[in-house]
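# Chains, contacts and geometry: an overview
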Amino acid sequence: QIFHHPKCRRVTIKVKDVIVPFLILLGLNTIVLICWTAISPLKWERFHMGATDDFGRRLQSYGMCTLNSKKDFAYVVLLSIVNLAVLLLANIQAYQ
């Protein structure tokens, strides 16, 4: 019944309708990530596990990139806000 409802109408979405918001979002994400990398890049840290061999050498370790300071968390928050806002707006438009 929803397909034949008088208020529902078919809408044609063109390439330019999609490409402009895509390029804006891509630009915002690129700017934030370039600033983050240039100002305060992530730091690689290796963590050793407790296992050792007969000579006292560590057998297991793992590594990961970590934030340098608490100020770096602002970049994560900014990226999250931008992308979640776009997701929210897309959901609102899809509902309408």
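A short tour of the structure in this document, coming up. What you see is a predicted model, and the numbers here were worked out from it, not measured in a lab. (Residues numbered from 1 in each chain as written. Predicted model: local features only at pLDDT ≥ 70, side-chain atom pairs only at ≥ 80, totals over all residues. Heavy atoms only, no water.)

Moving on, we come to the environment of leucine 78. Residue position: leucine 78 is located in helix α2 (residues 73-95). Residue leucine 78 is classed as partly exposed on the basis of its relative accessible area, which comes to 40%. For the pair leucine 78 and asparagine 29, spaced 49 residues apart in sequence, the C-alpha to C-alpha distance is 9.4 Å. (Helix = DSSP H or I, 4+ residues; strand = E, 2+ residues; numbered from the N terminus. Buried < 20%, exposed > 50% of the residue type's maximum accessible area, 1.4 Å probe, protein only.)

So, about the side chain of serine 40. Among the secondary structure elements, serine 40 is positioned in the loop between α1 (15-39) and β1 (43-48). Here aspartate 72 takes part through its side chain, which lies 2.6 Å from a polar atom of the side chain of serine 40. Excluding anything up to four places from it in sequence, serine 40 contacts Cys35, Asn68 and Asp72. (Polar contact = N/O pair within 3.5 Å; in protein donor to acceptor, adjacent residues only side chain to side chain. Contact = heavy atoms within 4.5 Å.)

So, on to the packing of α1 against α2. Running from amino to carboxyl end, α1 crosses α2 at an angle of 175°, the nearest separation of the two axes being 10 Å. One element, α1, and the other, α2, form an angle in the roughly antiparallel class. Residues Leu25, Leu28, Asn29, Val32, Leu33, Cys35, Trp36 and Ile39 of α1 form the contact with α2, whose participating residues are Tyr75, Val76, Leu78, Leu79, Val82, Asn83 and Val86. For the contact of α1 with α2, the residue count by class is 13 nonpolar, two polar and no charged. (Axes fitted to C-alpha atoms, helices over the stretch in contact; angles between N-to-C directions. Parallel < 35°, antiparallel > 145°, perpendicular 65-115°, else oblique. Nonpolar A, V, L, I, M, F, W, Y, C, P; charged D, E, K, R; others polar.)

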